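What the coordinates show
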Amino acid sequence: MNTVDFTLPESALAVQRGVGDICARYDLDYWQRCESEKRWPEEVWRDLATGGWLGLAVPEEYGGGGQGLLELAVATETLSASGSAGGSAFTYVLTPGFGALTLTRHGSAWQRDELLPSLATGELETCFALTEPDAGSNALGISTFARRDGAEFVVTGQKIWITGVQRATWMLLVTRTVPAAEARPRSNGMTVLLVNVPEAVAAGRLSFRPIPKMGANTTPSNMVFIDELRVPERNVVGEVDQGARVLWDILNPERILLAASALGGAEVALRVAVRYAKEREVFGRPIGANQAIAFPLAQVKAKIELARLMLYKAAWLFDRGLPCGTEANIAKLTASQAAWEAADHAFQTHGGMAYSLEYPVARLLADARIGRVAPVTEELLLNHLATQVLGLPRSF
């Protein structure tokens, strides 16, 4: 008889305990300093690497944990809930997600042998380059072009909001090998290439410029410029012109891991708000005794738990090779909304003190807000549900 089991497997519980033990060493003040100093949480990264928690999704034969996206999501949520909030997204999305998970699924034998062992230990880091200034959320409309020249591709184009270029050794670069206007269907003609970032920069073929941001400053996001960059054919991830197959296996995990980060951020904001509501007294009683304070926080808790169910379901489906696009979209939508509501109510609970940078509320609010527009807007997530799930007519 088929059964439904809502208990996390022991592998995920072990991740929760292991990552949680590391996170306990770093308090909210630590994450506040990383944000204000605009620096990568090097100490946390080193501890996670030493403990083997960065290689969860790398197969055991390459030195990893042989786990899946569910364990990565639990690690991300645990790190985020410890106090990092939005900062945790970059820790687990950039290298374990974009790099290790993608190459485990789609990498060639050479790519797996060459990169996975070092990705498992954190010695190599990766970033992902899809978004372009003129394409925005229209992933199929990118124009960065890779033309074949013998055993190489020559790439020219521009990308925007590419996070982590400064630390990355390898970039997963999404290109067009057939112009969007000529591709039939439009998802054809895309190719994902591995680019050695330091070599491309040294050759003068790739440059980047950081974008000033209102939050999530532990890792810079950048404009990236590519000019006649030569990439060997062996650096193709998946198949030439069939990069969309790889792309969906990047985008769905990205949404799931960002949902996990958002849920952790919601937990932090809720914890901060509840503590303040218990301690702050006005008119002779804690402000948390007032329903105007208590009920919104209780609503946030309910929304966190509901979003978590969809998060784990989406990751579970992905790990079994089952369709998970709708579930990933719902998880991202609901988790980001819960994070924003949690941070907004934490702000309201603190009143004027929320404006003080002595409290973490402003950082949590900035981190939560970006989740509702990046890497995909709420409107596009809702459009998917409206047209693909409900069957409503398309507007374009």
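The structure we're discussing is the one just above.
Our subject in this report is the structure included herewith. These numbers come from a predicted model, not from an experiment. Each residue is numbered by its place in its chain's sequence as written, counting from 1. Predicted model: local features are reported for residues with pLDDT of at least 70 only, side-chain atom pairs are reported and counted for 80 or more only, and whole-chain, interface and lining totals are derived from all residues. Side-chain measures here rest on the full set of heavy atoms in the structure, leaving out hydrogens and waters.

**Some details on the packing of aromatic side chains**
- Pairs were defined over the aromatic rings of Phe, Tyr and Trp, the Trp ring being its six-membered one, requiring ring centres within 6.5 Å. Orientation was assigned from the angle between planes: stacked under 30 degrees, edge-to-face over 60, tilted for the rest. Summed over all chains, the structure comprises 6 aromatic pairs.
- With centroids separated by 6.0 Å and ring planes inclined at 90°, the aromatic side chains of Tyr276 and Tyr359 adopt a geometry described as edge-to-face. Linking Tyr276 in helix H8 (residues 243-279) with Tyr359 in the loop between helix H10 (325-350) and helix H11 (361-370), this pair joins segments that are 83 residues apart in sequence.
- Residue exposure (1.4 Å probe, protein chains only): buried if accessible area is under 20% of the type maximum, exposed if over 50%, otherwise partly exposed. With relative accessibility at 25%, the residue Tyr359 sits in the partly exposed group.
- Think of it as a cone above the ring: NZ of Lys or CZ of Arg counts as a charge over the ring if it is within 6 Å of the ring centre and within 35 degrees of the ring normal. The cationic tip of Arg369 hangs over the ring face of Trp340; the distance from NZ or CZ to the ring centre is 5.4 Å. Helix and strand labels come from DSSP, where a helix needs a run of H or I of at least four residues and a strand needs a run of E of at least two; each type is numbered from the N terminus.

**Some thoughts on unusual backbone geometry**
- The omega torsion across Arg184 and Pro185 is -10°, close enough to zero to call that bond cis.
- Along the chain, the position of Pro185 falls in the loop between strand S4 (170-176) and strand S5 (190-196).
- Phi is positive for Ala216, which is not a glycine, with a value near 50°.
- Within the secondary structure, Ala216 sits in the loop between strand S6 (206-210) and strand S7 (221-232).
- Looking at Ala216, the relative accessible area reads 13%, which means it is buried.

**Remarks on the packing of helix H4 (residues 69-84) against H8**
- Here an axis means a line fitted to C-alpha atoms, over the contact stretch when the element is a helix, while the angle between two N-to-C directions is reported on a 0 to 180 degree scale. Running from amino to carboxyl end, H4 crosses H8 at an angle of 30°, the nearest separation of the two axes being 7 Å. For the element pair H4 / H8, the angle class is roughly parallel. Once H4 is placed against H8, the crossing between them reads as right-handed. Across from Leu69, Leu72, Ala73, Thr76, Glu77, Ser80, Ala81, Ser82 and Gly83 in H4, the residues of H8 making contact are Pro253, Ile256, Leu257, Ala260, Ser261, Leu263, Gly264, Gly265, Glu267, Val268 and Arg271.
- Here the nonpolar group is Ala, Val, Leu, Ile, Met, Phe, Trp, Tyr, Cys and Pro; Asp, Glu, Lys and Arg are the charged ones; every other residue, Gly included, is treated as polar. In the contact of H4 with H8, the residues fall into 10 nonpolar, 7 polar and 3 charged. If an angle is under 35 degrees, it is roughly parallel; if it is over 145, roughly antiparallel; if it lies from 65 to 115, roughly perpendicular; otherwise it is oblique. Note on convention: near helix rotated counterclockwise from far helix by under a right angle means a left-handed crossing. Clockwise means right-handed. For this analysis, residues touch if any pair of their heavy atoms sits within 4.5 Å.

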